[in-house]
Amino acid sequence: MEKGTLFWNTPTSQLLQDLQTNEMGLASDQAEERLTKYGPNLLKTPPKHFLKELLSRFLNPLVIILLLASSISAATGDVTGFIIIVLIVLMSVSLDFYQQYRAEQAAEELKASVAVTATVLRDGKRQERALSEIVPGDIVFIGAGDLIPADGVILEEKDIFINQALLTGESYPVEKKVKLESPVQEISRAENAVFLGTSVVSGSAKVLVFRTGMETSLGEISKSLSQISPPTAFDIGIHQFGNLIMRLTVTMVLFVVLVNVLFHRPWLESFLFAMALAVGLTPELLPMIITVTLSRGTLRMSKKKVIVKRLSSIQNLGSMDILCSDKTGTLTEGRIILERHVDVKGEDSPEVLQLAYLNSFFETGYRSPIDRAIIEHEELDVRSWQKIDEVPFDFERRRVSVLLDDGRRRILIVKGAMEEILGLSNLFSQGSFEKTYDLDPQTREGIFHLSRSLEGQGFRGIGIAWKEVSKDCLHAHVSDETELVFAGIAAFHDPPKAGIKTVLQNLSESHVSFRMVTGDSELVTRHLFQQVGVEVTGVLTGAQIQEMDDPALQARVESVNLFCRVSPTQKNRIIMAFKKRGHIVGYLGDGANDAPSLHSADVGISVEGAVDVAKEAADIVLLKQDLRTLLVGIFEGRRTHLNIMKYIMMATSSNFGNMFSMAGAALILPFLPMLPLQVLLNNFLYDISEIAIPLDRVDMKSLRHPTHWDIRFVHNFMWIIGLLSSLFDFVTFYVLIRLFHADQVLFHTGWFVESIATQVLVIFIIRTRHSVFRSRASGALILTSLMAVFIAILLPYSPMAKDLGFAPLSFKFFLILGGIVICYLTIVEIVKHWFYSQARIGPR
């Protein structure tokens, strides 16, 4: 290929030669060599090496400042303090990194288990390979619902239509061909080429891969435009929380520095203390707690047949209060059966079956469950028929046409939505193809009532029509789908799933409202709702939605739980209307037409058997298409969210109270209330006590409601419990100074032990909104918490006591400390119940 020539303008024979391949594809060893040469077929760079990730943790500004300041301290003679600070920082960062790295690796392995694959010709055989393994020179096969795995040219095709709106902005599918009539420059006019990221609407093709990964057209765009997923409600909440902590930290540090300057205290020690205070205020374990909790939730969900592709979507799953879905495979078995094939009088008609069978058998585009039901119903002899052309199914026309010839005549057979087919017909046949009759208003009304009667019995009816065309007609077009002869109705049944009534009741009790969004008629869906025990609270049809603007739709959706005869575009509008009303919306879909809705929903949910484009668009994939599986996932999402909120509420209230006490003590004491390394050690022990939060139990009552983020709730909780903690710190200060006449070392020791005891033991109260005696913490959390307290008590008696600036404490002190801790925990329990009674929202 000449330099500068676009690949789709190059003859196919030249491309095969340049790529050193042929139409039988590559050998496995060739593919491996090319994978090494060109790299994986991905648009994102591979994950960083773990060593780089570890070193990046030390780039935290607070850590850098702390290490620099302690280095200066070492240069002035305090080598022991420097070593201890470095060790504490090293252990804290390493612990955080190890837990998060391990959790991320586990999540990636699970995500890979539902990765989209492509059918590729290797060693002369068709094989399923991950998209990342596709290389230039591969021969791939694509069909309806598939994602295009790379840029390439079409070698063979059967009525293939591609949705390439991602690249060109075209809203309608584009038909592709093997040959290009003349050279073109624009992607949108390259009729013989397909591109990575686009998808097949209908038809099938054999493709020669020319470019992969970042070398594709989509890869070129991604180099200049980095598409970032919109933040979830939890992401926004974490960002707000970070801003809150930053403001508090800056204010507290500046206050402490100013006070120490005014009191003419040593500047280096004061600076180190201020930096240690900043570290103490920062919930540095939050990223690790979030990642480990999310990953553990992911692992638990995977064991229950729910695979999470995007970690943060677990938060939205727990927050979800509206679930939109079609009925097929959700409320029903998804096993569609052809029950009846009737003429205009409602009598069984073999001619209607024959027409439906011929249409489904010769259709090469989107093969729906309805087509499979027709073909499996009865095997008919089609050897005398030859296919001439096809107008593939699409979700806007809601019909498919095939042009056939049996040697005697050429007919166009059309199958599709009942109202569409009936509206396009002006004649009807009965009993044979030989005689047709005018479709007068009376007959049309009779067909309409027949269709309604079948729907009222729970059958889904599709219209079957035909028309004879001239023998020289070689192509079928949408414009040919007029003046049809209406033959009859094919009626299908999809029985409700066993136990679905109980599942829907459980969803409702969990405060998740189920909304049916379907292309089926109102009567069919009402019959199903009656079977599964769901009351219809309101109905909107696609025709009614078409007449509404977005504000009007937003005003109506709240009271509607049944949306019928809706198009893919209307599904999207329904989801956006719910979101505008403040709901967290989940959408469960498995078809190519569901992809836009899966993108728009707060949490897109698909199933393992879904088409590629739906699986790729989804955040969560169910390995079993069952609402019971999804319900388990919802509870796991809530459990995960609540455990993360536990850490945030514990860390903010305890850390804020502790640091507020230190800042206040700096005003009244002639010395620092705690040495910098003691502040860091205090913070490290507290982190150890909380590291088991991802393993903690969650109260069953708390799982009954959707979980939501509320920064005001966190802010208010931090101030109330934090200031209460500081109050008891000041009581401890009084006891140490007045009763024990403590010097600097004894004061540091006494307050260090009291601080650890109160802020660690209060974990068992803060972790639940219910009574501490009715909610049992996990064994791991109890172990890590008590271990932190025991270490704090034993340190003053250890060989390291002198280096840490500690001195032994008397038995009398521990008696008084016990009383302070009991009083503190009792009052926090009382205040907690009062706080939750006043709060409108928060962890349940």
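All of these numbers come straight from a predicted model, not from anything done at the bench.

1. Notes on the overall build of the chain
Phase 1: Looking only at helices and strands, the chain features 30 helices and 23 strands.
Phase 2: For the chain, the proportion of its 844 residues judged to be buried stands at 56%.
Phase 3: Long-range pairs, those at least 24 residues apart, make up 73% of the contacts in the chain with a sequence separation of at least 6.
Phase 4: When the accessible area of the chain is evaluated, it comes to approximately 37000 Å², of which 58% is carbon and sulfur surface.

2. Notes on unusual backbone geometry
Phase 1: Phi at Lys305 is positive, roughly 70°, even though this residue is not glycine.
Phase 2: Relative to the elements of secondary structure, Lys305 occurs in the loop between helix H10 (286-303) and strand E8 (306-308).
Phase 3: In this model, His741 sits at a positive phi of 50°, which is unusual for a non-glycine residue.
Phase 4: Following the sequence through the fold, His741 ends up in the loop between helix H25 (711-739) and helix H26 (744-761).

3. Examining the pattern of salt bridges
Phase 1: One pass over the full model with this rule turns up 31 salt bridges.
Phase 2: A salt bridge links Arg639 to Glu636; the nearest nitrogen and oxygen atoms lie 3.5 Å apart. One end of the pair is Arg639 and the other is Glu636, both in helix H23 (residues 627-668) and three residues apart, which spans about a single turn. As far as the burial class goes, Arg639 and Glu636 line up, both buried.
Phase 3: The partner of Lys646 in a salt bridge is Asp696, and the shortest N-O contact between them spans 2.6 Å. Highlighted residues: Lys646 in helix H23 and Asp696 in the loop between helix H24 (676-690) and H25, separated in sequence by 50 residues. Note on accessibility: Lys646 and Asp696 belong to one class, buried.
Phase 4: Through salt bridges with shared partners, a single ionic network connects Arg398, Arg399, Glu419, Glu420, Glu455, Glu481 and Arg565.

4. Concerning the environment of Ser725
Phase 1: Structurally, the position occupied by Ser725 is in helix H25.
Phase 2: Taking the C-alpha atoms as reference points, Ser725 and Phe656, separated by 69 residues in sequence, lie 8.9 Å from one another.
Phase 3: When residues no more than four places from it in sequence are discounted, the contact partners of Ser725 are Gly657 and Tyr824.

5. Here's the deal with the environment of Ile830
Phase 1: Turning to its location among the elements, Ile830 is positioned in helix H30 (residues 811-838).
Phase 2: Considering only alpha carbons, one finds Ile830 and Ser771, 59 residues apart in sequence, at a separation of 9.5 Å.

6. Topic: the packing of H24 against helix H28 (residues 779-794)
Phase 1: The N-to-C vectors of H24 and H28 enclose an angle of 160°; their axes lie 7 Å apart at closest approach. In terms of their interaxial angle, H24 and H28 are classed as roughly antiparallel. Contacts between H24 and H28 involve Leu685, Ile688 and Ser689 on the former and, on the latter, Leu781, Thr784, Ser785, Met787, Ala788, Ile791 and Ala792.
Phase 2: Its residues assigned to classes, the contact of H24 with H28 comprises seven nonpolar, three polar and no charged.

7. Observations concerning the nonpolar core
Phase 1: In this structure, Leu685 and Phe752 are the most contacted members of the largest nonpolar core, which totals 73 residues.
Phase 2: Take this core: its biggest share by element is ten residues, from H30.
Phase 3: If we ignore the near neighbours within four places in the chain, the residues touching Leu685 are Phe752, Ile756, Ala788, Ile791, Ala792 and Leu795.
Phase 4: One finds Met548, Leu588, Val603 and Ala610 within the second-largest nonpolar core, a separate group that totals 64 residues.

8. What to know about the packing of aromatic side chains
Phase 1: Within this structure, the stated rule accounts for 21 aromatic pairs.
Phase 2: When the centroid spacing of 5.2 Å and the interplanar angle of 75° are considered together, the rings of Phe7 and Trp8 count as edge-to-face. The same class applies to Phe7 and to Trp8, which are both buried.
Phase 3: One aromatic cluster is present, built from ring pairs that chain together Phe671, Phe730, Phe733, Phe747 and Trp751.

9. What to know about a negative patch on the surface
Phase 1: Taken together, the side chains of Asp29, Glu32, Glu33 and Asp123 define an acidic patch exposed on the protein surface.
Phase 2: Topologically, Asp29 is positioned in helix H2 (residues 28-38).
Phase 3: The class for Asp29 is partly exposed, based on a relative accessible area of 47%.

10. Comments concerning the packing of helix H16 (residues 500-509) against H23
Phase 1: Where H16 contacts H23, the axes come no closer than 10 Å and their chain directions differ by 25°. On the basis of the axis angle, H16 is roughly parallel to H23. At the point where H16 passes H23, the crossing takes the left-handed sense. Along its contact with H16, which presents Ile500, Val503, Leu504, Asn506 and Leu507, the element H23 presents Leu627, Arg628, Leu631 and Ile634.
Phase 2: Of the residues in the contact of H16 with H23, the class split is seven nonpolar, one polar and one charged.

11. Considering helix H12 (residues 350-362)
Phase 1: Relative to the 18 Å expected for 13 residues at 1.5 Å per residue, H12 spans 18 Å between its end C-alpha atoms, a close match to the ideal helical length.
Phase 2: Every buried residue of H12 is listed here: Val352, Leu353, Leu355, Ala356, Tyr357, Leu358, Asn359, Ser360 and Phe362.

12. Concerning a nonpolar patch on the surface
Phase 1: Among the surface-exposed residues, Phe255, Leu258, Leu262, Phe263, Leu667 and Ile668 lie close enough to one another that they form a single nonpolar patch of about 600 Å² accessible area.
Phase 2: Of all the secondary-structure elements, those providing two or more residues to the nonpolar patch are helix H8 (233-262) and H23.
Phase 3: With respect to the helices and strands, Phe255 occurs in helix H8.
Phase 4: Phe255 gets classed as partly exposed once you look at its relative accessible area, which sits at 32%.

13. Some points on the confidence of the model for the chain
Phase 1: The predicted model of the chain averages 83 in pLDDT, with 84% of residues at 70 or higher.
Phase 2: Low confidence marks residues 224-229, where pLDDT is under 50. Its contacts with residues over four positions away, or in another chain, come to one contact.

14. A short note on the sheet that holds E8
Phase 1: The eight strands lie next to each other as E8-E23-E22-E21-E9-E18-E20-E19, forming an open sheet whose pairing is mixed. The open sheet has two free edges, formed respectively by E8 and strand E19 (539-541), since each of these has just one partner strand. Geometrically, the sheet is characterised by an average inter-axis angle of 20° between neighbouring strands, direction not taken into account.
Phase 2: Sheet topology places strand E22 (residues 603-607) next to strand E23 (residues 620-622); three bridges connect them, and they run parallel. Paired with Ile605 across the bridge in E23 is Ile620.
Phase 3: Strands strand E9 (322-325), strand E18 (513-517), strand E20 (562-564) and strand E21 (585-588) of the sheet are contacted by helix H20 (residues 568-580), whose axis makes an angle of about 155° with E21.

15. Comments concerning the pairing of E18
Phase 1: Counting buried positions over the five residues of E18 gives four, a clear majority of the element.
Phase 2: Where E18 lies against E20, two bridges are found, and the strand directions are parallel. Note that in E20 the partner of Met516 across the bridge is Leu562.

16. Considering the pairing of E9
Phase 1: The alternating pattern of E9 places Ile322 and Cys324 and Leu323 and Ser325 on opposite faces, both of which are buried.
Phase 2: Of the pairings in the sheet, the one linking E9 to E18 comprises four bridges and is parallel in character. Each residue of the ladder has a partner; that of Cys324, found in E18, is Arg515.
Phase 3: Relative to E21, E9 runs parallel, the two sharing four bridges. The residue bridging Leu323 from the neighbouring strand is Gly586, located in E21.

17. Let's talk about H26
Phase 1: Compared with the 26 Å implied by 1.5 Å per residue over 18 residues, the 26 Å span of H26 between its first and last C-alpha is a close match.
Phase 2: Taken across its 18 residues, H26 has 14 buried, putting it largely inside the fold.

18. Considerations on the environment of Leu244
Phase 1: On the secondary structure map, Leu244 appears in helix H8.
Phase 2: Spatially, the C-alpha atoms of Leu244 and Ile711 are 9.0 Å apart, while their sequence positions differ by 467 residues.
Phase 3: Setting aside anything within four residues of it in sequence, one finds Leu244 in contact with Ile711, His715 and Met718.

Thresholds applied
Residues numbered from 1 in each chain as written. Predicted model: local features only at pLDDT ≥ 70, side-chain atom pairs only at ≥ 80, totals over all residues. Heavy atoms only, no water. Helix = DSSP H or I, 4+ residues; strand = E, 2+ residues; numbered from the N terminus. Buried < 20%, exposed > 50% of the residue type's maximum accessible area, 1.4 Å probe, protein only. Contact = heavy atoms within 4.5 Å. Areas by Shrake-Rupley, 256 points an atom, 1.4 Å probe, with all protein chains shown as cover. Salt bridge = Lys/Arg side-chain N within 4 Å of Asp/Glu carboxyl O. Axes fitted to C-alpha atoms, helices over the stretch in contact; angles between N-to-C directions. Parallel < 35°, antiparallel > 145°, perpendicular 65-115°, else oblique. Nonpolar A, V, L, I, M, F, W, Y, C, P; charged D, E, K, R; others polar. Core = buried A, V, L, I, M, F, W, Y, C linked by side-chain atoms within 4.5 Å. Phe/Tyr/Trp six-rings, centres within 6.5 Å; stacked < 30°, edge-to-face > 60°. Patch = residues over 30% accessible without salt bridge, like charges linked within 9 Å, V, L, I, M, F, W, Y side chains within 5 Å. Lys, Arg positive; Asp, Glu negative; His and termini not counted. Charge placed at Lys NZ, Arg CZ, Asp CG, Glu CD. Left-handed = near helix turned anticlockwise from the far one by under 90°. Expected span 1.5 Å × (residues − 1). pLDDT = per-residue confidence, 0-100. Pairing = 2+ DSSP bridges.

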